[in-house]
Each structure stands twice: as C-alpha cells, then as structure tokens.
Amino acid sequence: GQSLEQPSEVTAVEGAIVQINCTYQTSGFYGLSWYQQHDGGAPTFLSYNALDGLEETGRFSSFLSRSDSYGYLLLQELQMKDSASYFCAVRPGGYNKLIFGAGTRLAVHP
Amino acid sequence: GAVVSQHPSRVICKSGTSVKIECRSLDFQATTMFWYRQFPKQSLMLMATSNEGSKATYEQGVEKDKFLINHASLTLSTLTVTSAHPEDSSFYICSAVWASGIVNEQFFGPGTRLTVL
C-alpha cells in the first residue's frame, strides 16, 4: 500500500519558523513534492525533492532523506498569509501521478 | 504561464442528473491531466489519469461508468458525473502536467464544487 503521514495541525506566530514533517511508505519513489492550499482554493506547487538534501526557495525550504523515507517543509519568517493547508505528495513511479498526504493545517497568529 | 481553468466553478443539480466539468490548460499543452476529489478538510484523492487520445486510467475503487473522462485534445479534459447522487457532492479538482516545466509539477485548476440535491 501507499501511505504518507504528516501532522494534522500546526500553530505558530508571525515571524516564527515552522517545520512540517512527512514520512512515507510507497511501493516506489521518484520524488517528494509540497503543495499549499488555501481554503476553497486550488493547490499550488511549492517544491520538489528527488535527491537527498535541502532545497531552498525564498522563505520556504524542503528537505528529503530517502534512506529514512522522510522529508520536511520549513517555513521561515511566517506571515499571516501562510495560514493554509500544506500537503506532501509522493511520485511513486516514473510518471507524473502523485499520492497526497492528509495535509497539515497551519494557523499563523499575530 | 501554466494556467489551468475549470468550468463551472460551482454547480447544483438534482439527484439522477449528469454533470459535466471541463478542465482546460490555457497556455500550454498537456498530454496528461489528473482528476481529484476532495472532501472538506481532507486530502486530495486521485480519481483518474486522463491521457490525450486514449482511455483514462482509473484508481482502484473509482467507478469508470459513473465518472466518465474524455481527453479529446491537448488542452481539454472533461469529467462527467453520471446519475449523480448526494454522496457525489464534493470539490472536484483537475491538474495538468506541463511537459516543459519542473518534473512532477502539476498545475491545478481552481476546482468545481458540486452539490447534488
């Protein structure tokens, strides 16, 4: 089977740093993606890791350890607009299909 | 670039009727599109992979005859919910893969909220 686990909710204050973890068990693995979704909106792509290590894109960074089947999304200098759901997603095969985790709802407070 | 649209954004229909949802890639061609459904505060559940010019590939547990998918061109895929029932009420989202973009980056449409009375 395929499963991805991530925390259901995270709360933080403006300006803080938050890390959202994701562990996965899939029949195959080609990469780990992260998406952001605001309530009622479409998911938007944040990052993709195919190899071990850290990928940095502005305030957001994503990390992958293939040997541990683990990755995380790091959000720095949190802003109110970062309040949203964050999904990790695994590409299990050599095609573009994605399997999504249950999502982590991030609430940023003043 | 890489914009995906969906139409309609909201639809309310009576039980037993069929509803068609369109997904278009506006500024790129997509040989592959995906259809998801999402219940409130839950994850995106992949329903099927839509391939241009060929039959869709459905995920386990998704009824092919109930959720008809047609990918007639490189910019358009349609999902038809046939004989809709209240339990089909959900948020349906499509995505398209941009072949020239980042590997595995799917561009999502804004979604269609279906309510079946």
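Each remark here, short or long, concerns the structure printed above.
(A) The arrangement of the overall build of chain B in detail. Of the regular secondary structure elements, chain B holds zero helices and 11 strands. The C-alpha atoms of chain B give 13 Å as radius of gyration, which agrees with the globular expectation for 117 residues (13 Å, within 12%). Dimensions of chain B, computed from C-alpha atoms along their principal axes, come out at roughly 40 × 30 × 20 Å. Relative to its 117 residues, chain B shows a buried fraction of 52%.

(B) Spatial organisation of the environment of A:Val108. Residues and elements named next belong to chain A. Within the secondary structure, Val 108 sits in strand 11 (residues 104–109). The spatial distance from the C-alpha of Val 108 to the C-alpha of Gln 37 is 14 Å, given a sequence separation of 71 residues. Each residue touching Val 108, except ones within four places of it in the same chain, is listed here: Ala 12, Val 13, Glu 14, Leu 78, Gln 79, Met 80, Asp 82 and Ser 83.

(C) Spatial organisation of the packing of aromatic side chains. What the rule picks out here adds up to 13 aromatic pairs over all chains. Judged by centre distance (6.1 Å) and plane angle (75°), the rings of A:Phe100 and B:Phe108 are edge-to-face. Here A:Phe100, found in strand 10 (residues 99–100), pairs with B:Phe108, found in strand 10 (residues 106–108), and the two come from separate chains. A relative accessible area of 9% places A:Phe100 in the buried class. For B:Phe108, a relative accessible area of 9% corresponds to the buried category. Their ring planes at 40° and their centres at 5.6 Å tell us that B:Tyr36 and B:Phe108 sit as a pair that is tilted. Of the two residues, B:Tyr36 is situated in strand 4 (residues 32–38) and B:Phe108 in strand 10; the sequence distance between them amounts to 72 residues. Accessibility classification places B:Tyr36 together with B:Phe108 in one group, the buried group. Grouped by ring-pair contacts, the aromatic residues A:Tyr35, A:Phe45, A:Phe87, A:Phe100, B:Tyr36 and B:Phe108 constitute a single cluster.

(D) Seen up close, the pattern of salt bridges. With the rule as written, the count across this model stands at five salt bridges over all chains. The salt bridge partner of A:Arg59 is A:Asp82, with a shortest N-O separation of 2.8 Å. Here A:Asp82 lies in the loop between strand 8 (70–75) and strand 9 (84–91) and A:Arg59 lies in the loop between strand 6 (53–57) and strand 7 (60–65), a separation of 23 residues in the sequence. For B:Glu22, the salt bridge identified is with B:Arg24, shortest N-O distance 3.4 Å. A relative accessible area of 24% means that B:Glu22 is categorised as partly exposed. Note on B:Arg24: relative accessible area 33%, which makes it partly exposed.

(E) Spatial organisation of the environment of B:Phe39. Mapped onto the secondary structure, B:Phe39 falls in the loop between strand 4 and strand 5 (44–51). Setting aside chain neighbours within four positions, we find B:Phe39 in contact with B:Glu87, B:Ser89 and B:Ser90.

(F) Up close: the nonpolar core. Among the nonpolar cores identified, the biggest contains 27 residues, and B:Phe67 and B:Leu114 are the most heavily contacted of them. Elements supplying a minimum of two residues to this core: strand 2 (10–13), strand 3 (19–25), strand 4, strand 5, strand 7 (67–73), strand 8 (76–81), strand 9 (90–97) and strand 11 (112–116) of chain B. Once residues within four sequence positions are removed from consideration, B:Leu114 is found in contact with B:Val11, B:Cys13, B:Val19, B:Val81, B:Asp88, B:Ser89, B:Ser90 and B:Tyr92. With 23 residues, the next largest nonpolar core counts A:Trp34, A:Leu73, A:Ala84 and A:Val90 among its residues.

(G) Just the interface of chain A and chain B, in detail. Counting from both sides, the interface comprises 18 residues of chain A and, opposite them, 20 residues of chain B. In this assembly, chain A packs against chain B so that about 1,600 Å² is buried in total across both faces, 59% of it on carbon and sulfur atoms. Summed over the three residues of chain A that lose the most area to chain B, namely A:Phe45, A:Asn96 and A:Phe100, the buried surface amounts to 31% of that side. Viewed at the interface, chain B and chain A are joined by one salt bridge. In this structure, A:Lys97 engages B:Glu59 in a salt bridge whose closest nitrogen and oxygen atoms are separated by 3.1 Å. Scanning the region where chain A abuts chain B turns up four residue pairs in polar contact (both at pLDDT 80 or more). At the level of elements, strand 4 (31–37), strand 5 (44–49) and strand 9 of chain A are the ones that each hand at least two residues to the side of chain A that touches chain B. By residue number, the principal contributor to the side of chain A that touches chain B is strand 4 of chain A, which donates three residues.

Parameters at a glance
Sequence order as written defines the numbering, with residues in each chain counted from 1. Here chains are named by letter from A upward and ligands by number from 1 upward, in the order in which they appear as written. At least 70 in pLDDT is required for a residue's local features to be given in this predicted model, at least 80 for side-chain atom pairs to be given and counted, and no such filter applies to totals for whole chains, interfaces and linings, which use all residues. With hydrogens and water excluded, all non-hydrogen atoms of the structure serve as input to the side-chain values. Note on conventions: DSSP H or I runs of at least 4 residues are helices, E runs of at least 2 residues are strands, and numbering of each starts at the N terminus. In this description the radius of gyration comes from C-alpha coordinates, and the expected globular size is given by 2.2 Å times residues to the power 0.38. We call a residue buried when its accessible area falls under 20% of the maximum for its residue type, exposed when it is over 50%, and partly exposed in between, using a 1.4 Å probe and counting protein chains only. A contact between two residues is defined here by any heavy atoms of the two lying within 4.5 Å. By convention, a stacked pair of Phe, Tyr or Trp rings (six-membered ring in the case of Trp) has centres within 6.5 Å and planes under 30 degrees apart, an edge-to-face pair has planes over 60 apart, and any other such pair is tilted. The term salt bridge refers to a side-chain nitrogen of Lys or Arg lying within 4 Å of a carboxyl oxygen of Asp or Glu. By nonpolar core we mean a set of buried residues, namely Ala, Val, Leu, Ile, Met, Phe, Trp, Tyr and Cys, connected to one another through side-chain atoms within 4.5 Å. The buried area of a pairing is the accessible area, by a 1.4 Å probe, that goes missing from both parts when the two are put together, added over both. In protein, a polar contact means a hydrogen-donor-capable atom and an acceptor-capable atom, both N or O and within 3.5 Å, with residues adjacent in sequence counting only if both atoms are side-chain atoms; elsewhere, any N or O pair within 3.5 Å suffices.

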